[in-house]
Amino acid sequence: NAGVTQTPKFRILKIGQSMTLQCTQDMNHNYMYWYRQDPGMGLKLIYYSVGAGITDKGEVPNGYNVSRSTTEDFPLRLELAAPSQTSVYFCASSYSKGEGGYTFGSGTRLTVV
Amino acid sequence: LAKTTQPISMDSYEGQEVNITCSHNNIATNDYITWYQQFPSQGPRFIIQGYKTKVTNEVASLFIPADRKSSTLSLPRVSLSDTAVYYCLVGAWMDSSYKLIFGSGTRLLVRP
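Residues numbered from 1 in each chain as written. Chains lettered and ligands numbered in written order. Predicted model: local features only at pLDDT ≥ 70, side-chain atom pairs only at ≥ 80, totals over all residues. Heavy atoms only, no water.

A. Focus on the side chain of A:Ser87. Within the secondary structure, A:Ser87 is located in strand E9 (residues 87–94). When near neighbours in sequence (up to four residues on either side) are disregarded, A:Ser87 contacts A:Arg36, A:Gln37, A:Asp38, A:Thr108, A:Arg109 and A:Leu110. (Helix = DSSP H or I, 4+ residues; strand = E, 2+ residues; numbered from the N terminus. Contact = heavy atoms within 4.5 Å.)

The structure is reproduced here in structure tokens:
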């Protein structure tokens, strides 16, 4: 029972590069989320999805894109990396919106230089 | 506009009971109140969830008054390993859609 798996765990990007953060869950959860957490701060919602083919913006969506082609996968795309995107990114999933709580992945630590 | 308000930090000693209160004045009728624990370099971990009155599990209790405008997480007899950041989570309307937003968290330090 893997839960929520994020890859990679660490990544250094140069300004202007692009990359995709991968997130996969094996719990058949409909809801999936991407959060970022800056040092010493709380979590900010970037994007979320309520099911395959449906995504919506969170608090801080600028500079990111997502897709949800399957129930299991919810990749987060950074097109033109900027230093302000240096953060730890967490993916989470839940059976329903809020009820039962979220299961979080272990995070991806991204540094943009 | 902050959806939830929590104390920034709290100190306690081993063996004491710790109560962390979260204010959520604009909570929606269908919102659950959920608390998470986060250790450094880890993702948040679900602790407890409630809708109204009191909920208890093996690690914590959650007290919710009748008006549901606040909630209190109670950790009995804390140990050093309970040092962590604790987040309260409820929903919020943003950009014409309903989202679940984390609060700023309470940093709990448990001393020997």
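B. View of the nonpolar core. Of all hydrophobic cores here, the largest spans 20 residues; its most connected members are B:Ile33, B:Trp35, B:Leu73, B:Leu75 and B:Tyr86. Those elements giving two or more residues to this core turn out to be strand E2 (18–23), strand E3 (33–38), strand E4 (45–50), strand E6 (61–64), strand E7 (70–75), strand E8 (84–94) and strand E10 (106–111) of chain B. The biggest single contributor to this core is E8(B), with four residues. In contact with B:Leu73, other than residues within four places in its own chain, are B:Val18, B:Asn19, B:Ile20, B:Trp35, B:Ile47, B:Ile48, B:Ala60, B:Ser61, B:Leu62 and B:Tyr86. Counting 19 residues, the second largest nonpolar core, distinct from the first, contains A:Leu13, A:Met32, A:Phe74 and A:Ala81. (Core = buried A, V, L, I, M, F, W, Y, C linked by side-chain atoms within 4.5 Å. Buried < 20%, exposed > 50% of the residue type's maximum accessible area, 1.4 Å probe, protein only.)

C. Summary view of unusual backbone geometry. Going from A:Thr7 to A:Pro8, the amide bond is cis rather than trans, its omega being -5°. Of note in the backbone geometry, B:Thr53 takes a positive phi value of approximately 60° without being a glycine. Tracing the chain through its elements places B:Thr53 in strand E5 (residues 53–56). A positive phi angle, near 60°, is found at B:Arg68, a position not held by glycine.

D. Representation of the pattern of salt bridges in the model. Residue and element names in this part refer to chain A. Applying the stated criterion to the full structure yields three salt bridges over all chains. Among the ionic pairs, Arg36 bridges to Asp38, the shortest N-O distance being 2.8 Å. Relative accessible area serves as the criterion here: at 11%, Arg36 is assigned to the buried category. A salt bridge links Glu79 to Arg77; the shortest N-O distance between them is 3.3 Å. A relative accessible area of 30% means that Arg77 is categorised as partly exposed. (Salt bridge = Lys/Arg side-chain N within 4 Å of Asp/Glu carboxyl O.)

E. Main features of the interface of chain B and chain A. Each partner contributes to the interface: chain B provides 21 residues, whereas chain A provides 24 residues. With both sides pooled, the region where chain B packs onto chain A buries about 1,700 Å², and carbon together with sulfur makes up 57% of that total. Summed over the shared surface of chain B and chain A, the number is zero salt bridges. If you look at where chain B meets chain A, you find three residue pairs in polar contact (both at pLDDT 80 or more). For the side of chain B that touches chain A, the elements supplying multiple residues, two or more each, are E3, E4, E8 and strand E9 (97–102) of chain B. It is E9(B) that provides the largest number of residues to the side of chain B that touches chain A, a total of six residues. (Buried area = accessible area lost by both parts, 1.4 Å probe. Polar contact = N/O pair within 3.5 Å; in protein donor to acceptor, adjacent residues only side chain to side chain.)

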